[in-house]
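Tertiary structure, described
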Amino acid sequence: MKQEKTQWKDFLENISVLQWILTFLLLVGAKMALEFGADLMPVYSYGENNIFRQVTFSEGSVGWRLQQLLKKIMGFAPCLFVGEHWFWIPYHCPVTTFESPSVTEV
């Protein structure tokens, strides 16, 4: 069990491998979409980081201890994000989106 955790840790630390896999999957998906006649539209957005706030727990609090426990079990600490009104609705702030013409061939 311990060796399995270290293998996953080594894999996640080597971000270049993870980036390569994600890029490969994206290209395969793009190729498949074009083969079936779908047009791809590149879209870039800026400002999404401002629509939610991350909760930071003070060291020793119940939330911090729960985060540490989950980190020990899962290998990473889950984050808690909040927005306005019941924590689910994002804050009101502009998100700038740029759309380029659709791509019909790669």
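Because the structure is predicted, anything quoted here is derived from the model rather than measured.

Here we come to the overall build of the protein. Across its full length, the protein holds 3 helices and 4 strands. Put simply, the protein runs from its N terminus to its C terminus through helices and strands in the order α-α-β-β-α-β-β. With 106 residues in all, the protein has 7% of them scored as buried. Here the analysis covers contacts within the protein between residues at least 6 apart in sequence; of these, 71% occur between residues at least 24 apart. When the accessible surface of the protein is summed, it comes to about 9,500 Å², and 64% of that surface belongs to carbon and sulfur atoms.

With that settled, consider the environment of glutamine 54. Inspection of the secondary structure assignment puts glutamine 54 in strand β2 (residues 53-54). With relative accessibility at 47%, the residue glutamine 54 sits in the partly exposed group. Linking glutamine 54 and phenylalanine 81, residues 27 residues apart in sequence, is a C-alpha distance of 4.5 Å.

Take the packing of aromatic side chains next. Throughout the structure, instances matching the rule amount to 1 aromatic pair. A ring pair is formed by tyrosine 46 and phenylalanine 98, whose centres lie 5.9 Å apart and whose planes are at 65°; its orientation type is edge-to-face. Taken together, the residues span a long stretch of sequence, with tyrosine 46 in strand β1 (residues 43-46) and phenylalanine 98 in strand β4 (residues 96-99) at a distance of 52 residues. Owing to a relative accessible area of 46%, phenylalanine 98 belongs among the partly exposed residues under this scheme.

Turning our eyes to something else, we now look at helix α3 (residues 62-74). If you check α3, its first and last C-alpha atoms are 18 Å apart, about what 13 residues at 1.5 Å a residue would give, namely 18 Å. Phi turns positive one or two residues past the end of α3, at glycine 75, with a value near 95°.

In the predicted model, the protein carries a mean pLDDT of 79, and the fraction of residues at 70 or more is 81%. Predicted confidence in the protein is weakest over helix α1 (residues 2-13), with a mean pLDDT of 60, and strongest over α3, with 91.

With respect to the secondary-structure elements, glutamine 67 resides in helix α3. In this structure glutamine 67 comes out as buried when scored by relative accessible area, which is 15%.

Turning next to a nonpolar patch on the surface. Nonpolar side chains collect at one region of the surface, where Trp20, Leu22, Phe24, Leu25, Val28, Met32 and Phe36 lie side by side and expose about 810 Å² of accessible area between them. Within the fold, valine 28 resides in helix α2 (residues 15-35). Judged by relative accessible area, valine 28 falls into the partly exposed class, the value being 37%.

The rules behind each value
Residues numbered from 1 in each chain as written. Predicted model: local features only at pLDDT ≥ 70, side-chain atom pairs only at ≥ 80, totals over all residues. Heavy atoms only, no water. Helix = DSSP H or I, 4+ residues; strand = E, 2+ residues; numbered from the N terminus. Buried < 20%, exposed > 50% of the residue type's maximum accessible area, 1.4 Å probe, protein only. Contact = heavy atoms within 4.5 Å. Areas by Shrake-Rupley, 256 points an atom, 1.4 Å probe, with all protein chains shown as cover. Phe/Tyr/Trp six-rings, centres within 6.5 Å; stacked < 30°, edge-to-face > 60°. Expected span 1.5 Å × (residues − 1). pLDDT = per-residue confidence, 0-100. Patch = residues over 30% accessible without salt bridge, like charges linked within 9 Å, V, L, I, M, F, W, Y side chains within 5 Å. Salt bridge = Lys/Arg side-chain N within 4 Å of Asp/Glu carboxyl O.

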